[in-house]
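Geometric and topological summary
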Amino acid sequence: MSDMMKEVVVTGAHAYEVRDVPRPEVKGDYDVLVKMKSAGVCGSDFHIYNGSNPCASYPRIPGHENAGIVAAVGSKVTNVKPGDHIIVDLIHTCGTCYQCRIHRKNVCENVLVRGSGYDGGWREYLIVPADEVYPISADVPWKDAALVEPFAIGAHCTQRGRVVPDDTVLILGTGTIGAIILQTCKAKGVKKIICADISDSSLERAKEYGADFVINTKQEDLKQRIQELTDGHGVTIAFDSACFPGSLTMIMEPGIVCNAGRVVPLGFVTAPEQISQAMINQRELDIIGTRMSCYQFEPTIKRMENGEFNLKGIATHYIPFSRIQEVFDKIENPDPSVKKMVILFDE
């Protein structure tokens, strides 16, 4: 094993370096040395590179969708051993604050998010605390293992939204997370799911994943179409996974979400929205925040191992770590055919 490794560092907006640095070593009793095998590229990684992620600081090693193999462990680690395939959690928490005590560790008062608040997995090796890694079957290919984290987001936000089979669901934005929310809602037995986007290819993919109706909002009026599809009632829950300035206001327009409905925004857009108290209280809407995931890695891993997800088309581009510049090229030059990238580390 070489004493050196490569890491990718975003040094500021639109700037990155590939550095040769010493490989980390196990020093603590509960340390796990992870040899990275795959890492998903998330929209938040785009924003880190573009300088528009409000949760990021620089310099920063991106990467919070991480899968790898255990290379070494500290003397007191019992949950994994060298050679195990593992998924790395994206959050580091204090375990003692109010939020941690009520089992909301994803919004821990002192949370550090791997890949934005502190360094992530776009490097050949990293040290992780033992309680932040979860075993996964070696039967799951590395290209799929990197998708555990986004599927855990789907599990978390639909749990936060209290999705039940009787719901009529609107998903605005059918990129990676929207497509995963769609699959998660279908698995929960939801009978009517409406997907809206401006991309015909994304909407076609949504139909393959089980969307009952699709709306291209460039060609059709969202409110009018929702009224037609729900016999004038509106949807019972709307997920905003488009996350552009004004998208939350868009789905909160009266006629889209019904009285007593729920709205779940997933983004971190900092621009103010045109939302009034009346828009919420006249219909007594629940506006439900959601961030990352909480206690969803292990059940999501189990579902991945059982082959319960339709992974076809979730990731569209697989890029070797040795060609990492291609990831940044695709971030700088957006291509509608690139739905999601996964970095595969060289042997």
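Here, the structure is the one placed above.
Residues numbered from 1 in each chain as written. Predicted model: local features only at pLDDT ≥ 70, side-chain atom pairs only at ≥ 80, totals over all residues. Heavy atoms only, no water.

1. Focus on the environment of lysine 76
Defined as follows: The way it works is that DSSP assigns letters per residue, a run of H or I at least four long becomes a helix, a run of E at least two long becomes a strand, and they are numbered from the N terminus. Here, residues are in contact when the closest pair of their heavy atoms is within 4.5 Å.
Structurally, the position occupied by lysine 76 is in the loop between β4 (65–73) and β5 (85–88). Sequence separation between lysine 76 and tyrosine 30 is 46 residues; the distance between their C-alpha atoms is 5.7 Å. Discounting residues that sit within four places of it in the chain, lysine 76 has contacts with Asp29 and Tyr30.

2. Section: helix α7 (residues 222–229)
Defined as follows: With a 1.4 Å probe rolled over the protein chains alone, any residue whose accessible area is under 20% of its type maximum counts as buried; one over 50% counts as exposed, and the rest are partly exposed. It is the directions from the helix axis to the C-beta atoms that the arc portrays. Pairs of N or O atoms are called polar contacts if they sit within 3.5 Å, as long as, within protein, a hydrogen donor faces a hydrogen acceptor (for residues adjacent in sequence, only side-chain-to-side-chain pairs).
Among the residues of α7, Leu222, Ile226 and Leu229 are the ones counted as buried. Looking straight down α7, one finds that the buried residues subtend no more than 65° of arc, so they occupy a single side. Where α7 is buried, its residues contact β10 (168–172), β11 (192–197), β12 (213–216), β13 (235–240) and α8 (247–251). Near the N-terminus of α7, the side chain that reaches the backbone nitrogen of lysine 223, with its oxygen 3.3 Å away, is that of aspartate 221. Trailing α7 by a residue or two, aspartate 231 shows a phi angle of about 55°, which is positive.

3. Let's talk about the side chain of serine 293
Tracing the backbone through its elements, the reader meets serine 293 in the loop between β15 (286–287) and α10 (297–305). Given a relative accessible area of 4%, serine 293 falls into the buried group. If we skip the residues at most four places from it in the chain, serine 293 touches Ile91, Asn106, Ala152, Ile153 and His156.

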